[in-house]
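Observations on the model geometry
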Amino acid sequence: PDRSKTAPILFSLNLSAGGSRKLIDLPKDASEVYWTPDGSSALILGEQGQFLFFSLGNNTLSEVGSGIGAGAHGFVWLPPRMRR
């Protein structure tokens, strides 16, 4: 099969139970996935500069590019609140 036309897929892998579960199909040009430290959501970058947000809780994929701005890069997740 021609893999260049196949969209990437996010899976959940459970090593202790030995199984996997399909989470969501990603756009064909998805290039990077940055998971939050708690694994509840992810920022997905596309090759054409798209920014998508995936929420594992409600299994949704949302466009957030307009809120981030063109040319954004070097993403790092910060703790949800200040550490003491």
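Residues numbered from 1 in each chain as written. Predicted model: local features only at pLDDT ≥ 70, side-chain atom pairs only at ≥ 80, totals over all residues. Heavy atoms only, no water.

**Notes on the overall build of the protein chain**
Heads up, the condition is: A run of DSSP states H or I qualifies as a helix once it reaches four residues; a run of E qualifies as a strand once it reaches two. Both are numbered from the N-terminal end. Each residue's exposure class comes from its accessible area (1.4 Å probe, protein chains only) as a fraction of the maximum for that residue type: buried when under 20%, exposed when over 50%, partly exposed otherwise. Whether two residues are in contact is decided by their heavy atoms, any of which lying within 4.5 Å being enough.
The helix and strand inventory of the protein chain stands at one helix and six strands. Here the protein chain holds 84 residues, and 21% of them are scored as buried. The contacts in the protein chain between residues at least 6 apart in sequence include a share of 21% that link residues at least 24 apart.

**Side note on the packing of aromatic side chains**
So the rule is basically this: Aromatic rings from Phe, Tyr and Trp, taking only the six-membered ring of Trp, are treated as a pair when their centres fall within 6.5 Å; an angle between ring planes under 30 degrees marks them as stacked, one over 60 as edge-to-face, and anything in between as tilted.
Considering all chains together, one arrives at one aromatic pair under this definition. Aromatic pair W35 and F54: ring centres 6.2 Å apart, planes at 90°, arrangement edge-to-face. Within this pair, whereas W35 is found in strand β3 (residues 30–35), its partner F54 is found in strand β5 (residues 51–55), the two being separated by 19 residues in sequence.

**A few points about empty space enclosed by the protein**
So the rule is basically this: A 1.4 Å probe that fits but cannot get out identifies a cavity on a 1 Å grid over protein atoms alone, an open set with protein on both sides within 12 Å along at least five of seven lines counts as a pocket, and a residue lines either if it has an atom within 4 Å of a point. Grid points are joined across faces, edges and corners, and a volume is the space filled by probe spheres set on the points.
What the rule picks out here adds up to one cavity of 30 Å³ or more. Considering only enclosed or pocket space, the largest cavity measures out at about 40 Å³ in volume. Ranked by residue count, the leading element in the lining of the largest cavity is strand β4 (residues 41–46), at three residues.

**With respect to the confidence of the model for the protein chain**
Spelled out, the test is: On a scale of 0 to 100, pLDDT captures the predictor's confidence in every residue.
When pLDDT is averaged along the protein chain, the result is 81; 83% of the residues meet or exceed 70. When pLDDT is averaged over each element of the protein chain, β5 comes out on top at 90 and helix α1 (residues 65–68) at the bottom at 68.

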